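Next come the chains, spelled out residue by residue.
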Amino acid sequence: MKKFTLELFTTIIGIGSASGFFFQNDFLYLIGDNSGFLYEYNISDTNFKKYPLIRDPSENIVKKDKPDFESLTHYQDTLYIFGSGSTTKRNAMIEFDLKTRKKTMTNNLVDLYAVMQSFGYIKSEDFSLEGVTYDGENWYLFNRGNGSANKNVIFTLHAKKLNEEFSLLSNDYKLPKIKGVRTSFTDAVLIDEKIYFLATAENTTSTYDDGEILGSIIGRIDIETMRIDFTQKISLSNKFEGLTLFSKNKKQIQFLLCEDKDTDTLESRIYKLSIDLN
């Protein structure tokens, strides 16, 4: 068991159902799974901005129409924002330039998602990407196993760009249970050859419909072996869906976590998780 502390870091008014984010130089960049915007929040002066990612964006898109942006990763000056792929309207990947603060490209990943489903033996109704991390050479994409088949899968895709030729590997994981319900991937971040991931227990067998939230865990995977180093239960009530590095030293690592409350309320709570490394 790792010693940890979990505390409320800040509350941001104006965004609901936060699903992924990235922290850099006092700025938080956030997405919400029912929103068509990328949000920018300055933790120093609480300045808040939003940038459109789709045509005619809104804050609370109805469930059947939403792009379901669930994953956000970063490399150099670009943010990559992924739809979950859980329906035909959720296959977009947006590239956003941090220097110009503008969207630079929209990609349709329907063909890639179909290849991943076939390769990982995942039925379309059990496919939902909830986390992505990228190191410039390899993409690690996390399928959330909250469908009936409990297919928690990490796809390792070797390619600098997702529209280029690639090699593909997949690893299946049986994650711990909370209150009898198996947890499933909700986000991940790559730090020093280790992948730290979040997983949540939600009492549902659907990738589309929400269920009772039973808690969340954090874990770590060594990318050389793709084996789990440790898992730690961090909450029995929160559905944490976003994970970003806040600070790190030899003794401790700190993350910021965002919470999805599965409501239309435009308010997001950001938590700080501190974990001792020794």
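Refer to the structure presented above.
Throughout what follows, the structure given in this document is the object of discussion. (Residues numbered from 1 in each chain as written. Predicted model: local features only at pLDDT ≥ 70, side-chain atom pairs only at ≥ 80, totals over all residues. Heavy atoms only, no water.)

**Side note on the pattern of salt bridges**
What counts, and what does not: Salt bridges are defined as contacts in which a side-chain nitrogen from Lys or Arg sits within 4 Å of a carboxyl oxygen from Asp or Glu. Note on conventions: DSSP H or I runs of at least 4 residues are helices, E runs of at least 2 residues are strands, and numbering of each starts at the N terminus. Only protein chains enter the accessibility calculation, which uses a 1.4 Å probe. A residue is then buried if its area is under 20% of the maximum for its type, exposed if over 50%, and partly exposed in between.
Following the criterion strictly, the structure yields 19 salt bridges and no others. The salt bridge partner of glutamate 40 is arginine 101, with a shortest N-O separation of 2.6 Å. One end of the pair, glutamate 40, is in strand 4 (residues 37-42); the other, arginine 101, is in the loop between strand 8 (92-97) and strand 9 (102-108), and 61 residues separate them in sequence. By relative accessible area, arginine 101 is classed as partly exposed at 26%. The closest approach of N and O atoms between lysine 194 and aspartate 222, which form a salt bridge, is 3.0 Å. Separated by 28 residues along the polypeptide, lysine 194 in strand 17 (residues 194-203) and aspartate 222 in strand 18 (residues 212-222) bring together distant segments of the chain.

**Remarks on the packing of aromatic side chains**
Rule in force here: Pairing of aromatic rings covers Phe, Tyr and the six-membered ring of Trp, with a centre-to-centre limit of 6.5 Å; geometry is then stacked below 30 degrees between planes, edge-to-face above 60, and tilted otherwise.
Scanning the entire structure with this criterion turns up 18 aromatic pairs. Here tyrosine 80 and tyrosine 134 contribute two aromatic rings whose centre-to-centre distance is 5.7 Å and whose plane-to-plane angle is 85°, an arrangement assigned as edge-to-face. A residue pair is termed long-range when its members are at least 10 positions apart, and tyrosine 80 in strand 7 (residues 78-83) and tyrosine 134 in strand 10 (residues 129-134) qualify at 54 residues. In this structure tyrosine 134 comes out as buried when scored by relative accessible area, which is 8%. Geometrically, the ring pair formed by phenylalanine 82 and tryptophan 139 is edge-to-face, given 6.0 Å between the ring centres and 70° between the ring planes. Within this pair, whereas phenylalanine 82 is found in strand 7, its partner tryptophan 139 is found in strand 11 (residues 138-143), the two being separated by 57 residues in sequence. Each member of the aromatic cluster is reached from another via a ring pair, and the members are Tyr75, Tyr80, Phe82, Tyr134 and Trp139.

**Side note on the nonpolar core**
Rule in force here: What we call a nonpolar core is a set of buried Ala, Val, Leu, Ile, Met, Phe, Trp, Tyr and Cys residues that are connected through their side-chain atoms within 4.5 Å. Two residues form a contact once any of their heavy atoms are found within 4.5 Å.
Within the largest apolar cluster, 20 residues are counted, with the highest numbers of intra-cluster contacts made by Phe82, Met116, Trp139, Leu141, Phe155, Leu157 and Leu162. Contributions of two or more residues to this core are made by strand 7, helix 1 (110-119), strand 10, strand 11 and strand 12 (152-158). The residues touching tryptophan 139, leaving out its near neighbours within four places in the chain, are Thr73, Tyr80, Phe82, Val132, Thr133, Tyr134, Phe155, Thr156, Leu157, Ala159, Lys160 and Leu162. Formed by 18 residues, the second largest nonpolar core is a distinct cluster that contains Ile154, Tyr173, Ile195 and Ala199.

**Some details on the sheet that holds strand 5 (residues 48-52)**
Stated formally: When DSSP finds two or more bridges between a pair of strands, those strands are recorded as paired. A fitted line through C-alpha atoms serves as each axis, taken over the contacting stretch for helices, and the angle formed by two N-to-C directions is quoted from 0 to 180°.
Pairing in this open sheet of four strands is antiparallel, and the strands run 2-3-4-5 from one edge to the other. Each edge of the open sheet is held by one strand with a lone partner, namely strand 2 (18-24) and strand 5. Neighbour to neighbour, the strand axes of the sheet diverge by 20° on average, direction disregarded.

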